[in-house]
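# Architecture at a glance
As a plain string of letters, each chain reads:
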2 protein chains.
Amino acid sequence: MVTPTQPAPTDGAEHLLTPGEVASLFRVDPKTVTRWASAGRIGSIRTPGGHRRFRESEVRNMLASLTSEALPQTTR
Amino acid sequence: MVTPTQPAPTDGAEHLLTPGEVASLFRVDPKTVTRWASAGRIGSIRTPGGHRRFRESEVRNMLASLTSEALPQTTR
DNA sequence: GAAAAATTGGGTAATTAGGGTT
DNA sequence: CGTGTCCTAATTACCCAATTTT
């Protein structure tokens with residue numbers, strides 16, 4: 001299955017998360033999430049007021065891709 | 001009342017969104033959208049009863065322009 | 001005509017942004 | 001270099017009752 005160039009299928013109402021929610025998921029300070037956004041490490045959407053929102057799907061994928069499982073242990 | 005959810009769009013008519021719908025798109029409180037309108041940050045149309053409606057195209061454009069993609073991952 | 005859901009308004013907490021520092 | 005904390009200003013969220021929309 002190939003993922004062709006994805007133009008902008010975008011909003012069909014993508015669920016968005018607040019900085020605080022993302023921070024809770026990663027167990028970091030909200031400020032850190034802000035830094036990730038500033039550094040372009042994570043996509044973000046700004047409200048007209050300047051606050052950031054994050055795509056839940058992107059955050060979930062990030063969590064998954066950064067997760068490592070322990071290898072199964074052999075019972076002896 | 002026989003009018004379905006959506007009246008037939010006539011020419012020139014633009015699809016309008018309610019404060020609640022716009023709020024969902026930005027993951028914000030409906031009242032916040034109202035403030036944007038009062039502050040002139042977003043165009044609005046008033047119903048005879050005083051409720052606000054927003055142009056979908058304007059909202060979509062706003063969303064797009066305020067969106068930042070994550071930079072390509074530097075796989076290390 | 002009646003009822004449920006949404007929006008309006010105002011007022012007060014809670015988050016967030018941004019810079020500078022550790 | 002990345003993260004956590006302190007600070008101030010700004011933005012946003014939740015409370016209420018009254019009105020409008022469906």
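These notes cover the structure that comes with them.

Reading guide: rules and limits
Residues numbered from 1 in each chain as written. Chains lettered and ligands numbered in written order. Predicted model: local features only at pLDDT ≥ 70, side-chain atom pairs only at ≥ 80, totals over all residues. Heavy atoms only, no water. Helix = DSSP H or I, 4+ residues; strand = E, 2+ residues; numbered from the N terminus. Contact = heavy atoms within 4.5 Å. Near = heavy atom within 4 Å. Polar contact = N/O pair within 3.5 Å; in protein donor to acceptor, adjacent residues only side chain to side chain. Nonpolar A, V, L, I, M, F, W, Y, C, P; charged D, E, K, R; others polar.

The next point concerns the side chain of R55 of chain A. With respect to the helices and strands, the residue R55 of chain A is situated in strand β3 (residues 52-55). Sequence-distant contacts of R55 of chain A, that is, excluding residues within four places in its chain, are made with E14, H15, L16 and I45 of chain A together with T67 and E69 of chain B.

The next point concerns the protein's contact with DNA strand D. Around DNA strand D, the surrounding shell holds 22 residues, and the nearest of these are T32 and T47 of chain A together with D29, T32 and T47 of chain B. Among atoms of DNA strand D positioned within 4 Å of the protein, sugar and phosphate together represent 68%. Contacts to DNA strand D include W36 of chain A, whose side-chain N or O atom sits 3.3 Å from a phosphate oxygen. For DNA strand D, a phosphate oxygen lies 2.9 Å from a polar atom in the side chain of T47 of chain A. Breaking the surface near DNA strand D down by element, the ones donating at least two residues are α2 (30-38) of chain A together with α2 (30-38) of chain B. Residue composition of the surface near DNA strand D, grouped by class: 4 nonpolar, 8 polar and 10 charged.

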